[in-house]
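Coordinates in review
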Amino acid sequence: MTPDRRLVGRVVAVAVLLLTLAVGFVSHTALRSFETELRPELEREATIVGSIGARTLQRALDLGVPFNGLSGLDEYLASLLAARQGLAYVLLTDAAGQRIASAGDASGDFAGLPAGTVAPERGALMRLLGGSYDAALPVLESGRVAGWLHVGIARARLDTALDDMRWDVLIVLLVVLLATTEFLRFVLSRTVAAPIGMVLRLQSRLAGGDWTLRAPGDMGAEAGRVARHLNVLVRRMNDRWDRLCWMAAQSGAAQRAGAVLDGVRERLRFGVAAVQEGLGAGAASARLPLFLFVFAEQLSTSFNPIFALELAGGQGGIMGAALPIVAFVAAVALFTPFGGAVVARHGPRNALLIGLLPAAIGHVGAALATDLTTFAIARAVCGAGYAIVTIACQVHLAQEAPQGRVARSLGGFTAAVMTGAVCGTAIGAVMADRVGFRLTFVLSMLLVAGTALLVWRAFAAGGASEQKQMGLWHSARAAFAEPRFALLVLFAAIPAKVLLGGFIFFLAPLELRELGLSQAAIGRNVMLYGLCMLPAILVGAWLTDRTGRGGLVIAFAGALNGVALLLPMWLDRETALPLAIIGTGLAQGLAAAPMLAIIPGLSLMRGAPNSAAMLSFLRLAERFGSVIGPPAAAALLALGTGQETMLALGVLSLATAIGYALSLAFQRLRQREAA
Amino acid sequence: MRGELSFATRLTGVLATMLLLGCGLAAGLNYLKFERMLLEQQARVLEILAGELGSTVENSLALGVRLAGVPGAQALLERSRAAEPLIAGLTIADADHVVLFDTDRQNMGGTLPRDHLAPQGQAESWRFRDGPRYGIGAPIINGFGQPEGAILLRYERSAVDERLAAALLAMMQATLLALAIAIPAGALGLHLVTRHTRRWFAAMQEAMQPGAAPAALAAGLQVAIADTDTVLTEAEAQLEQIAAQMPESVPQPMEAIAP
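Named according to an unreviewed UniProt entry, chain A is MFS transporter originating from Falsiroseomonas frigidaquae. Quoted verbatim from the Subcellular location (unreviewed entry) field of the UniProt record, the comment on chain A reads "Cell membrane".

In structure tokens, the structure reads:
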């Protein structure tokens, strides 16, 4: 009987419940105290504006103008209202609370103060009326209250801030929940799942009569105790075997005793194996460092072009805004082959540590950058680290994955990358909003350092490959000679990444800022991409497995992306932009798994290189798309508007998707004719 | 020391850390937002006051008086400062940055630092920092639209800090309360959901002891042990029987038949 397979789900459920309740409670208290403390400040603003207006009216009354004879009141109140932002209304009532003149939008709930209301000695009478804080200041005639000047400050400003903070709390909660899940999976994998798997494997070998095994002695927790007991048990059985051998030697009947021992040897094997049974926790152990690394990297996603614009000196540097993104992606593309060589030479653990170094240096450089060039160089250094780290993690996952589960293991890679991207993008925007761009880069560096510590502690050394490198140019020619691969790259992989880099990473943050959104709100919108992509990856994989029509799924995803980017033709920008981000996330997620799934089949074609080589060329092509995406979008933006840039990108996606669908149909037709 | 903590304890540690991080982030980020909002709100209020003072001075200029000769300007500044406790100091300077009136009279006649003033010709109010103090500047424009000088209002953030301290205290209390309840509850919850797995580990350990009672959770392992035990016991019995019989020949050295 195996232990409970639903342990991860139950542990995560406990964590989700408690985190939601605890963070919700703290945030509720924070928001309540925020409202309590900010309200007097809003009331003070209303009082000061009111006192300025009341003083002018009072001066007129003091000069002998009767209250009923005041003229030009509507114009005066309108000028008072126009001079200050955030005022809901300014109105004058008589002593009985009847409206004399007004400006602005006083709600239907407004009711003047009743006759006989005593004027305050100082300041104003404060009330909460509908959606406004109302400050009422007396206007005196011959020492008696002749009227009241009411100034209303709309609660909208406070409500907007509270809504913003609620969103931020949700982001924090989402990030903490996803990060907690990753940490719990990591701990459970190392202390429960992997040791249980190992014990079951050892048990199976014992049942097969193999008593030569040994469990690793460096495990902790309950698994360590089980491992020690197992080693004692094996030692005990080996001692019994040694005793049998001694008895046989002492028996004086070598032939008969030897036959008895041979009978035992036929069923059982004894001795101490030179190679211990491994824990096999590596695949899962790579997920957490990868998650943390991508998290750190993506902290700056929502503000990279904005920071670049700041460094470039405003709108004049619109092309420059794309430079850091281009530098990063170009470095990733250039260093991908180099990353593979580093992993092959030093093994995944050391390659990870090597890759984390430039990443950390790049983040420090970005934090200290004083001009666009320095910033772009720093981002390129980050890109070099990113290339090495992601390749190292991929190789590690593939090496450690149990036989027959490589695809699922690599699926874990995509999931860790996307989870890290979602968390990093979202919380990075909130952090940047609160502590600024530079400190957010410092936080990225600290996270990278933490990742290095984790890799150093949790990863086993080794894994260097002795495999001879194949000819790169020969493999490339062979891969692109296969028309289906070439079409996949040209009509699907490159356009998808052009849209990703051009729209999500470059255009969307700038356009959202144009709409007047805060940095945190920009991050939330950009985060929608990752949030939608996560489930779409699963749906795309399921559809591909179910129907076997991965190509059609890719073409559909391209068309969907195109339509999403054409939405500004029919909807206003406030609605179209988030919907386009959602559509892009769904489309890119849908196409992710089918693109990978097509490769093994193509690699079986005559003359095609192996699956790994084709996969690396696909990745290289994608990165080429990511490199040209931001400058292409920047060039379009420089020539026209953001809306027109979106439309151009949408047309590109639609055209390539239709082209890919037609090429699939043509291939199918040729296959039928050939059959 | 490695291996001393049970996996449930480690999970509780992770959960406690993430609870601390989650509550800390929620409180910390809200605090920072709150601080910015309060400072902004305070600045808005004081901007109104600075603008109003500027308008009062401009009204005097409209009567044909030079800025340096505005009657009652010094008294106006002192009265305004006394009326509003947030104000730390008020200054009126001419277009050459020379201080004409100041609530701190010893500053009069001095020159203002350039970074306290807005670029020439700015019609809107501006903000500046004066060491630990914050400041708001408003231009003074004469009837011909020409800049005559500026009024500078300096204030401290002590009022904001008081409100922030109150909010921080409330958030700290809530965080401590949440952690005080959630961490033990988490430990209990994790203890409950992991009990089956802990039983499995315990059963495996128990099953490997000599003479262990049968346990359903470790049945597979016990069968393997029992099978091996049976084979070895039978072989032992056979060898003891052989040893009890007449030797075939001279006993051979042990190495000859050792595995």
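Picking up where we left off.
Looking only at helices and strands, chain B has five helices and five strands in total. The linear arrangement of helices and strands in chain B, starting from the amino end, is α-α-β-β-β-β-β-α-α-α. Counting across all 259 residues of chain B, residues that qualify as buried make up 46%. Restricting to contacts in chain B with at least 6 residues of sequence separation, those with at least 24 account for 53%.

On to the pairing of strand β5 (residues 144-154) of chain A. Residue and element names in this part refer to chain A. Counting buried residues along β5, eight of its eleven residues qualify, which places the element largely inside the surrounding structure. Pairing geometry for strand β1 (residues 87-94) and β5, over seven bridges, is antiparallel. Its bridge partner being in β5, Leu 91 is matched across the sheet by His 150.

The next thing to look at is the sheet that holds β1(A). All names here are of chain A. Reading across the sheet, the five strands line up as β2-β1-β5-β4-β3 and stay open at both edges, with antiparallel pairing between neighbours. At either end of the open sheet lies a strand with only one pairing partner, and these are β2 (99-104) and β3 (125-129). Taken over all neighbouring pairs, the strand axes of this sheet differ in orientation by 20° on average, direction set aside. Examined bridge by bridge, β1 and β2 share five bridges and lie antiparallel to one another. Paired with Leu 92 across the two strands is Ala 101, which belongs to β2.

Let us now look at the sheet that holds strand β1 (residues 87-94) of chain B. All names here are of chain B. Sheet architecture is open: five strands sit in the order β2-β1-β5-β4-β3, paired in antiparallel fashion. Each of the sheet's edge strands pairs with one partner strand only, and the pair in question is β2 (99-102) and β3 (126-130). Taken over all neighbouring pairs, the strand axes of this sheet differ in orientation by 25° on average, direction set aside. Strand direction decides the pairing type here: β1 and strand β5 (residues 147-155), joined by seven bridges, are antiparallel. Counterpart to Gly 89 in the pairing with β5 is Arg 154. In the packing of helix α1 (residues 7-61) onto the sheet, the strands contacted are β1, β3, β4 (133-141) and β5, and the crossing angle to β4 comes to about 30°.

Before going further, it helps to spend a moment on the environment of A:Leu356. Residues and elements named next belong to chain A. Within the element layout of this structure, Leu 356 appears in helix α9 (residues 318-368). Judged by its relative accessible area of 3%, Leu 356 falls in the buried class. With 32 residues separating them in the primary sequence, Leu 356 and Ile 388 have C-alpha atoms 8.2 Å apart. When sequence neighbours within four positions are dropped, the list of residues in contact with Leu 356 reads Phe 293, Val 389, Val 448, Thr 451, Ala 452 and Val 455.

On to the side chain of A:Gln667, then. Within the fold, A:Gln667 resides in helix α19 (residues 642-674). Every residue in contact with A:Gln667, bar those within four places of it in the chain, is listed here: A:Arg484 and A:Leu487.

This part covers the interface of chain A and chain B. Listed by partner, the interface residues are 99 residues for chain A and 89 residues for chain B. Between chain A and chain B the total buried area reaches about 8800 Å² when both faces are included, carbon and sulfur atoms providing 70% of it. Scanning the region where chain A abuts chain B turns up seven salt bridges. The partner of A:Glu41 in a salt bridge is B:Arg163, with the nearest N and O atoms 2.9 Å apart. Where chain A touches chain B, the interface holds ten residue pairs in polar contact (both at pLDDT 80 or more). Elements represented by at least two residues in the side of chain A that touches chain B include exactly α1 (7-62), α3 (156-207), α4 (221-250), α5 (254-267) and α11 (406-435) of chain A. Top element by residues in the side of chain A that touches chain B is α1(A). It accounts for 27 residues. Taken together, the residues of the side of chain A that touches chain B sort by class into 62 nonpolar, 14 polar and 23 charged.

Conventions adopted
- Residues numbered from 1 in each chain as written.
- Chains lettered and ligands numbered in written order.
- Predicted model: local features only at pLDDT ≥ 70, side-chain atom pairs only at ≥ 80, totals over all residues.
- Heavy atoms only, no water.
- UniProt positions renumbered as here; feature names shortened; annotations may be inferred.
- Helix = DSSP H or I, 4+ residues; strand = E, 2+ residues; numbered from the N terminus.
- Buried < 20%, exposed > 50% of the residue type's maximum accessible area, 1.4 Å probe, protein only.
- Contact = heavy atoms within 4.5 Å.
- Pairing = 2+ DSSP bridges.
- Axes fitted to C-alpha atoms, helices over the stretch in contact; angles between N-to-C directions.
- Buried area = accessible area lost by both parts, 1.4 Å probe.
- Salt bridge = Lys/Arg side-chain N within 4 Å of Asp/Glu carboxyl O.
- Polar contact = N/O pair within 3.5 Å; in protein donor to acceptor, adjacent residues only side chain to side chain.
- Nonpolar A, V, L, I, M, F, W, Y, C, P; charged D, E, K, R; others polar.

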